[in-house]
Structures are given as C-alpha cells and as structure tokens.
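Listed below, chain by chain, are the residues.
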Amino acid sequence: MSKKQLKFNTKTIHGGQQPDKAYGAVMPPIYQTSTFAQSTPGGHRGFEYSRSANPTRTALENSLASIENGAYGLAFASGLAAIDAVLKLLKPGDEVISTNDLYGGSYRLFKKVFENYGIVFHFVGMTDPSSITSFINDKTKIIWVETPTNPMMNIIDIKSVSELAKKNRVWLAVDNTFATPYLQNPLDLGADIVMHSATKYLGGHSDVVAGAIVVNKKELADQLYFIQNASGAILGPMDSFLVLRGIKTLHVRMQRHCENGAEIAKFLKDHDKVEKVYWPGFSEHPNHNVARNQMRGFGGMISFIPKGGTYKDALKIIENLKVFTLAESLGGVESLAGHPASMTHASIPKEEREKSGIVDAFIRLSVGIEDAEDLKNDLDQALNGLD
Ligand SMILES: *Cc1c(COP(=O)(O)O)cnc(C)c1O
C-alpha cells in the first residue's frame, strides 16, 4: 500500500517516514552535525552540509509534505522565515494581494521589510472573493490568504479564490497555521503554496519555533529550495525532531482542541458578561457555510469581547485567569489567552486594527486540551471578577 493512500491519522505517524537506515531507529535520530564525510570530492550519501540538507530535517520535510497532501516540504527556522522565503520568489514591482485581517508579524514583514524592496501589497477583505478582482493586474504574482483569520475568525473560501488565481495565472498561498491539515488541505482546494507556523499546532507543545512550506509543483519546489539554501533560514536538527514528534499526535490533539473549542465557544456565548463571540462553528457566523464546506471541524481558536468592555476590563479578565496562561502564541496543549491590541497585533496601527474589528477589549483564546470543565470554571471566575 502506497503511503500516499494512507488516511490522515496514519500519515501523521508514518507519512514520508521509514526506520533509520543505520540501526533501524524508529524515530529519526537527531543528526546534530553541520557536515558529512565524503569518500572523494562529491562522494557523499545524499548529505553534504546541513544548510543544504540534514537527515532529521529531511524526515520532517517528508512528513510535512505527506500530511498536507503535497509533493515537497520545506522546513524553516520560523513561520516568518517560511513567509520570507515565499516573498523572495518576487521581484521589485511585483504585487501581492493579501488578506487584510492577518497575523501581525506577516503584516509587519510585508509592510516594513518587503515594501522597501519594491514589492507592492494590497490588503483586502476576502470573505467575498469577488472583492479581490479589482486589485488584480499584470503585476500581481501572489494572493496571500489566511483562514480562519487571526484574530477575527473570518473564513475565506479557498476554492473560489484559487479559481480566481488560476484564471489570472497568479500563485495562491495559504497560511494554514490555524486550521492545520487535520481540518483543511489548501493544496487539495487549489492553492499552490501552503505555509505553517509549525510553532503552533504542528509542534503543539510550545517548545519550538519553526516554519513550513508545502507545494506540489516541482518548479515551485526547486525555486523555494534554492531560496531556502541561498538565504539559509533552515530549521536545525533538534527543532526538526521536536516538530516531527509533535506531528505524531496532531490528530489526537486536534480532535480534543475541536471538542473543547466547541464547549468553550458555547459557554461564552451564553455568558451574561460576554458581548460577542467569534467562532466559525456557530450557524450565525457570517461564513459558517464556507467553513463547513472546506473544514472538517472548527478548531480551538476563539475570540470574544466582554460586555461593555474597555481596555481595562479585558486586561482584568486575562490577568484573573488561572488555568489559561496570558501569553503570545497558540496551538499548544495548554490553554492561552491573549490581548491582540497590545500583543500579537500591536504592530498594526490602531486605526487599521479597529477597521478590521480588533477593538481594545478584544480577547483571543487558544483553547488547549485540558479538562473543559476546568477551563469553563476558570473563564467564569475571571468574567465574574469584572464588577
Ligand atoms: C505565529 C504565526 C505566524 C508566524 O510564525 P512564527 O513561527 O512565530 O514565525 C504566521 N502566521 C500565523 C497565522 C501565526 O499564528
């Protein structure tokens, strides 16, 4: 049976992997080496220098390709290093159409770094894909999509955007960090590039910073591999091992993240101290039907606004939480709470931020895999501490 035909819950454990050739180690060893002995100049066994390739990283890259139903995987030192590599496919004058509601660090990289190199960015609300059309011209090279969006939890129809991208011969890149391949596979929906901050759900244990890209087309893979090797923002062997280990339990963790996420979302919606909850699993979520079609579940990311909430109220709630930890990041086994306006999205100007709905009282939760009862009790006591 070809490993391509395996189901997702098997691919996370076996996809693209085989016992190590030297001693049969079931987990790929951590090849903590910069270089490899050669018998004669050029006489090596597939590995010469660890920037170009390292066996532990290769094992991870094969696993990444397998779980995203792609042909080629590339592992980077961080999610932003992966995005950086994608943008290096471009030349001055080229244009990118990006989701307007996206990870703050991606926005910063686009605006504060790549604009200086002559790349032009358009930030567009994409929940109605037809709004992209007027921004497409012969300079457009990439449409950059993040769905669910961070932190507004909007859903963008990947298939519709990919049809638009194909018609106009533009690459579609999807940041799949929030959904993970457990919930959605952008390449199957027509995307050309799928990107991850593997720091989040793929790693899953808040113990490593890493990034990933998966593609299907060889030409694109060759260009990205060239950039990975030429720029050098590769993932080290130890970190590759950690992400690979994380991926082995991705499906089990995601199942629980989804169950707990649904419980917490409903709990918050019914809470009298809560004004509004953002979660794509609600039937009244504006893009609920798109979410149902392209995702296999709704994940553990939830945002909410406390009733009559001010900046101070939001801070009080997150400081009162005891099981949830106040911290940047998401996707680990432990529940985290964040305040986008002052944390992840502080690099986006206040006006821009509020235009996309990130008001000062906005709170984002990454619901972990603890007991849901404990999480609800924790939120309840923090919310009730408001008056
Ligand atoms: C965290 C994150 C990134 C950046 O990844 P790093 O690993 O922190 O560099 C990009 N996109 C999304 C959606 C993220 O959550």
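Residues numbered from 1 in each chain as written. Predicted model: local features only at pLDDT ≥ 70, side-chain atom pairs only at ≥ 80, totals over all residues. Heavy atoms only, no water.

A. Molecular detail of the nonpolar core. Judged by nonpolar contacts, the single largest core of 64 residues is most densely connected at Leu 268 and Leu 365. Broken down by element, this core gets its largest block of residues, 7 residues, from helix α9 (residues 250-269). Each of two domains, domain 1 (3-247) and domain 2 (250-384), supplies a minimum of three residues to this core. If near-sequence neighbours (up to four positions away) are discounted, Leu 365 is found in contact with Ile 264, Leu 268, Gly 300, Met 301, Ile 302, Phe 304, Phe 324, Leu 336, Ala 337 and Leu 379. Of all hydrophobic cores here, the second largest spans 30 residues; its members include Leu 87, Leu 102, Trp 144 and Val 215. (Core = buried A, V, L, I, M, F, W, Y, C linked by side-chain atoms within 4.5 Å. Buried < 20%, exposed > 50% of the residue type's maximum accessible area, 1.4 Å probe, protein only. Helix = DSSP H or I, 4+ residues; strand = E, 2+ residues; numbered from the N terminus. Domains from an automatic or database assignment. Contact = heavy atoms within 4.5 Å.)

B. Just the site of the ligand, in detail. Surrounding the ligand, one finds 13 residues, the nearest of these being Gly 79, Asp 175, Ser 197, Thr 199 and Lys 200. In the model, a nitrogen atom of the ligand is placed 2.7 Å from a nitrogen or oxygen of the Asp 175 side chain. The residue inventory of the shell around the ligand, partitioned by class, reads 5 nonpolar, 5 polar and 3 charged. (Near = heavy atom within 4 Å. Polar contact = N/O pair within 3.5 Å; in protein donor to acceptor, adjacent residues only side chain to side chain. Nonpolar A, V, L, I, M, F, W, Y, C, P; charged D, E, K, R; others polar.)

C. Local environment of helix α4 (residues 104-113). All buried positions along α4 are accounted for by Gly 104, Gly 105, Ser 106, Tyr 107, Leu 109 and Phe 110. Against α3 (79-87), β2 (95-99), β3 (120-124), β4 (140-146) and α12 (350-355) lie the buried residues of α4.

D. A look at the packing of aromatic side chains. Applying the stated criterion across every chain, the model contains 11 aromatic pairs. Relative to Phe 282, the ring of Trp 279 lies with its centre 5.1 Å away and its plane at 75 degrees, an arrangement referred to as edge-to-face. Across the pair, exposure class does not vary: Trp 279 and Phe 282 are buried alike. Ring pairing ties together the aromatic residues Tyr 107, Phe 110, Phe 121, Phe 123 and Trp 144, which thus form one cluster. (Phe/Tyr/Trp six-rings, centres within 6.5 Å; stacked < 30°, edge-to-face > 60°.)

E. Representation of the sheet that holds strand β6 (residues 193-197). A sheet is described by the order of its strands in space; here 7 strands give the open sequence β1-β7-β6-β5-β4-β2-β3, paired in mixed fashion. Edge positions in the sheet fall to β1 (72-76) and β3, since each of these pairs with one other strand and no more. Pairwise comparison of adjacent strand axes, ignoring direction, gives a mean angle of 20 degrees for this sheet. As defined by bridge partners, β4 adjoins strand β5 (residues 171-175) across 5 bridges and the pair is classed as parallel. By the bridge assignment, Ile 143 is partnered in β5 with Leu 172. Sitting on the sheet, α4 touches β2, β3 and β4, and the angle it makes with β3 is about 145 degrees. (Pairing = 2+ DSSP bridges. Axes fitted to C-alpha atoms, helices over the stretch in contact; angles between N-to-C directions.)

F. Representation of unusual backbone geometry within the structure. Following Thr 147, the chain continues to Pro 148 via a peptide bond in cis, the omega torsion being -5 degrees. Mapping Pro 148 onto the fold places it in the loop between β4 and α5 (158-167). Residue Pro 151 follows Asn 150 across a cis peptide bond; omega there is 5 degrees. With respect to the secondary-structure elements, Pro 151 resides in the loop between β4 and α5. Residues other than glycine seldom take positive phi values, yet Thr 180 does so here, at roughly 65 degrees. Tracing the backbone shows Thr 180 in helix α6 (residues 180-183).

So, to be careful, I would describe these as geometric facts and stop short of saying anything about function.
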